[in-house]
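Structural overview for review
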Amino acid sequence: MPTARHRPRTALAMSRDAATAVFGPGHEGLAALAAVCDLAPPPVLDDFAGDRARAVLADTELLVTGWGCPPVDAAVLDAAPRLRAVAHTAGSVRQHLTEACWERGLEVSSAAAANALPVAEYTVAMILLAGKRVLERARDYRAARAPENWLRTDRTLGNYGRTVGICSASLIGRRVIELLRPYDLRVLLYDPYVDTAGAEALGARPVGLRELFEESDTVSVHTPLLPETRGLVSRELLAAMRPGATLVNTARGAVVDQDALTEAVAAGRVHAVLDVTEPEVLPPGHPLWDCENALITPHLAGSQGNEWQRLADLTTAEVARWAAGDGFAHPVRRERLAFLA
């Protein structure tokens, strides 16, 4: 553990595009980070091979990682004998931190809490838009170029008293529940790791997985992609959805049986809002592209544009805490890896 006022030797390890996104086109965001650590000069490490990378790693105590960081494996750790911590500027650390990192006992932080905020905001927006059928009605309005008789709208339309099902009390799922509190909505939660008291404290009623799909007008998926969650939203669960219900997926495409979902959407049984698919991007000829009751967005729910600043701010604060000997406020624990994206 570093001592108070220690300025740890720090290196950035990510793609150059990621560094530009998170810290600004001129890397102006690095000034705040450099104020709390001894930051290695650019360019960032987008590859751990080569003489410069080895020279930087030899002195590095803390890595600030991001999208495009190469795997930190045993060979990298051998080249970085002083490395003690990793502060990740994005969400999941699965893609670059190997088992060797946990064996070394590295302290790890993630900006997942910051990245969860825009995803939750996108989700709530889509839940409310789905309740009013905004996208479909806007399409019809454009085609007709004439007013609809709003006094004859179907009484299944609207957001008063609708039921929203949240699949998984992840960071994002919990934030969605919190943001839904001001609305006249009934919120259900499926999460096998949250008991009745925990769900009620969040503001939701705990239910089984099938009940979630049977009773909800909108189901929002926030389950991390793990071996046991691949295909979790099965053909049977999709068939159990109410006619006209909406599935929102901002998690991972492979959590959903996409073939079954495509059939249900193409048949007009359900609506879908998909910020993720399997694969990303769908092939040009995939039938979902032509389904009028499917909205497909290009994985834009997470941090983008000025939202990247939030990732930089959180990471800088984490580095400052670690350098002061206070540890990370957003640690990633080895024993929690089985439950994380």
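Keep in mind that what you see is a predicted model, and the values were worked out from it rather than measured. (Residues numbered from 1 in each chain as written. Predicted model: local features only at pLDDT ≥ 70, side-chain atom pairs only at ≥ 80, totals over all residues. Heavy atoms only, no water.)

With that settled, consider the packing of aromatic side chains. Within this structure, the stated rule accounts for 1 aromatic pair. Seen from their ring centres, W322 and F328 are 6.5 Å apart, and the 20 degrees between their planes marks the pair as stacked. (Phe/Tyr/Trp six-rings, centres within 6.5 Å; stacked < 30°, edge-to-face > 60°.)

A few words now on the nonpolar core. Core analysis: the biggest nonpolar cluster contains 28 residues, and F213, M241, L247, L261 and V265 have the highest contact counts within it. Those elements that provide at least two residues to this core are α10 (209-215), β9 (218-221), α11 (235-239), α12 (258-266) and β11 (271-274). Sort the elements by how many residues they give to this core and α12 lands first, with 4 residues. If sequence neighbours within four positions are ignored, V265 has contacts with V270, A272, L288, C291, N293 and A294. (Core = buried A, V, L, I, M, F, W, Y, C linked by side-chain atoms within 4.5 Å. Buried < 20%, exposed > 50% of the residue type's maximum accessible area, 1.4 Å probe, protein only. Helix = DSSP H or I, 4+ residues; strand = E, 2+ residues; numbered from the N terminus. Contact = heavy atoms within 4.5 Å.)

Here the UniProt feature "domain: D-isomer specific 2-hydroxyacid dehydrogenase catalytic" (unreviewed entry) sits at residues 70-330. For the annotated span residues 70-330, helix accounts for 38% and strand for 14% of the residues, and the straight-line distance between the end C-alpha atoms is 22 Å. (UniProt positions renumbered as here; feature names shortened; annotations may be inferred.)

For α12, every residue scored as buried is listed here: Q258, A260, L261, T262, A264 and V265. A distance of 3.3 Å separates the backbone nitrogen of D259 from a side-chain oxygen at the start of α12, and that oxygen is part of D257. G268 occupies a position one or two residues after α12 and carries a positive phi of about 80 degrees. (Polar contact = N/O pair within 3.5 Å; in protein donor to acceptor, adjacent residues only side chain to side chain.)

All right, on to the pattern of salt bridges then. Per the counting criterion, the structure on display carries 16 salt bridges. The salt bridge partner of R9 is D38, with a shortest N-O separation of 3.3 Å. Linking R9 in strand β1 (residues 9-13) with D38 in strand β2 (residues 38-39), this pair joins segments that are 29 residues apart in sequence. Owing to a relative accessible area of 23%, R9 belongs among the partly exposed residues under this scheme. Judged by relative accessible area, D38 falls into the partly exposed class, the value being 33%. Among the salt bridges present, the one from R186 reaches E215, with a minimum N-O distance of 2.9 Å. (Salt bridge = Lys/Arg side-chain N within 4 Å of Asp/Glu carboxyl O.)

With that settled, the discussion passes to the UniProt feature "domain: D-isomer specific 2-hydroxyacid dehydrogenase NAD-binding" (unreviewed entry) in the chain. If you check UniProt for "domain: D-isomer specific 2-hydroxyacid dehydrogenase NAD-binding" (unreviewed entry), the listed places come out as residues 125-301 in our numbering. For the annotated span residues 125-301, helix accounts for 32% and strand for 16% of the residues, and the straight-line distance between the end C-alpha atoms is 11 Å.

A word on unusual backbone geometry. Along the chain, P42 connects to P43 via a cis peptide bond; the corresponding omega equals 5 degrees. Mapped onto the elements of the fold, P43 is located in the loop between β2 and α3 (51-59). For R133, which is not a glycine, the phi torsion comes out positive at approximately 55 degrees. By secondary structure assignment, the location of R133 is in the loop between α6 (112-132) and α7 (134-144).

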